[in-house]
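Close look at the chain arrangement
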Amino acid sequence: SGTDQILQVYWGTEHGIKTLKTPTCILFNQKQQFRKFGYDDVMKYKSLPPSEADNWYFFQNFKMKLYNTTKVTSGMELKASNGKTLPALMVFSESLHYLRDHALNTIQEASFQTVCNQEISWVVTIPAIWSAAARQFVRLAAREAGLASDMISEKLIIALEREVASLWCKQL
């Protein structure tokens, strides 16, 4: 029914951690291919020998780079912890792609039903302090991640974190 709820599982339990939020971290291998996100990412990166870790791309707390950057563009790059760079659009879109797949898998496991991406209206929350260019960048990354088929899709809502939090509190 329309009132069924699937609550998010805890993150990090396989690592002895139990939180409702996962770290904003993402790991790419030497070939610039996505490998891990969140706690899995941190644990994998920490387990790499230092000589090998220098060849990987580990991004941590990258979300706020969209606020701290004076000019947000689709061609901007982000610096990994080892100084290497990747396109910011790649880092953000792979993160959203991972979260999309995680949400779809969680729904399927809880409901025993396959849900198509087109059946879902996605809400991506962003800080209110972000510029219009940063908001547009997130919309582009969401499209690249497969959350929406085009830039004006009604299936993708970019919402301010504080407004979503307020609506959630009203629901409680």
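What comes next is a walk through the structure.

**Focus on the packing of helix α4 (residues 88-111) against helix α5 (residues 132-144)**
Between α4 and α5, the least distance of the axes is 8 Å, while the angle of their chain directions is 60 degrees. Our classification of the angle between α4 and α5 gives oblique. Crossing of α4 over α5 shows right-handed handedness. Contacts from Ala88, Leu89, Phe92, Ser93 and Leu96 of α4 reach α5 at Phe137, Val138, Leu140, Ala141, Ala142 and Glu144. Split into classes, the residues belonging to the contact of α4 with α5 amount to 9 nonpolar, 1 polar and 1 charged.

**Describing the nonpolar core**
If you look at the biggest cluster of nonpolar residues, it comprises 34 residues, and the most contacted ones within it are Phe59, Leu66, Leu78, Val91 and Leu147. Listed by contribution, the elements that provide at least two residues to this core are β1 (25-28), β3 (57-60), α4, β6 (122-126), α5 and β7 (156-160). For phenylalanine 59, the contacting residues outside a window of four places in its chain are Thr24, Cys25, Ile26, Phe28, Asp41, Leu78, Lys79, Ala80, Leu86 and Val91. Cys25, Leu48, Ala53 and Phe58 belong to the second largest nonpolar core, which has 8 residues in total.

**Quick notes on the packing of aromatic side chains**
On inspection of all chains with the given rule, the structure shows 7 aromatic pairs. Ring centres 6.4 Å apart and planes at 80 degrees place the aromatic pair phenylalanine 28 and phenylalanine 34 in the edge-to-face group. On the basis of an interplanar angle of 90 degrees and a centroid distance of 5.1 Å, the ring pair of phenylalanine 62 and phenylalanine 92 is categorised as edge-to-face. Of this pair, phenylalanine 62 sits in the loop between β3 and α3 (65-68) while phenylalanine 92 sits in helix α4, and the two are 30 residues apart along the sequence. You'll find phenylalanine 62 and phenylalanine 92 in the same group, each marked buried.

**Observations concerning the pattern of salt bridges**
Taken as a whole and assessed by the stated rule, the structure comprises 3 salt bridges. Here glutamate 161 and lysine 63 are joined by a salt bridge, their closest N and O atoms 2.8 Å apart. Of the two residues, glutamate 161 sits in helix α6 (residues 161-171) while lysine 63 sits in the loop between β3 and α3, which places them 98 residues apart along the sequence. For glutamate 161, a relative accessible area of 30% corresponds to the partly exposed category. Taking the shortest distance from any N to any O, the salt bridge between aspartate 101 and arginine 100 comes out at 2.8 Å.

Cut-off values and rules
- Residues numbered from 1 in each chain as written.
- Predicted model: local features only at pLDDT ≥ 70, side-chain atom pairs only at ≥ 80, totals over all residues.
- Heavy atoms only, no water.
- Axes fitted to C-alpha atoms, helices over the stretch in contact; angles between N-to-C directions.
- Helix = DSSP H or I, 4+ residues; strand = E, 2+ residues; numbered from the N terminus.
- Parallel < 35°, antiparallel > 145°, perpendicular 65-115°, else oblique.
- Left-handed = near helix turned anticlockwise from the far one by under 90°.
- Contact = heavy atoms within 4.5 Å.
- Nonpolar A, V, L, I, M, F, W, Y, C, P; charged D, E, K, R; others polar.
- Core = buried A, V, L, I, M, F, W, Y, C linked by side-chain atoms within 4.5 Å.
- Buried < 20%, exposed > 50% of the residue type's maximum accessible area, 1.4 Å probe, protein only.
- Phe/Tyr/Trp six-rings, centres within 6.5 Å; stacked < 30°, edge-to-face > 60°.
- Salt bridge = Lys/Arg side-chain N within 4 Å of Asp/Glu carboxyl O.

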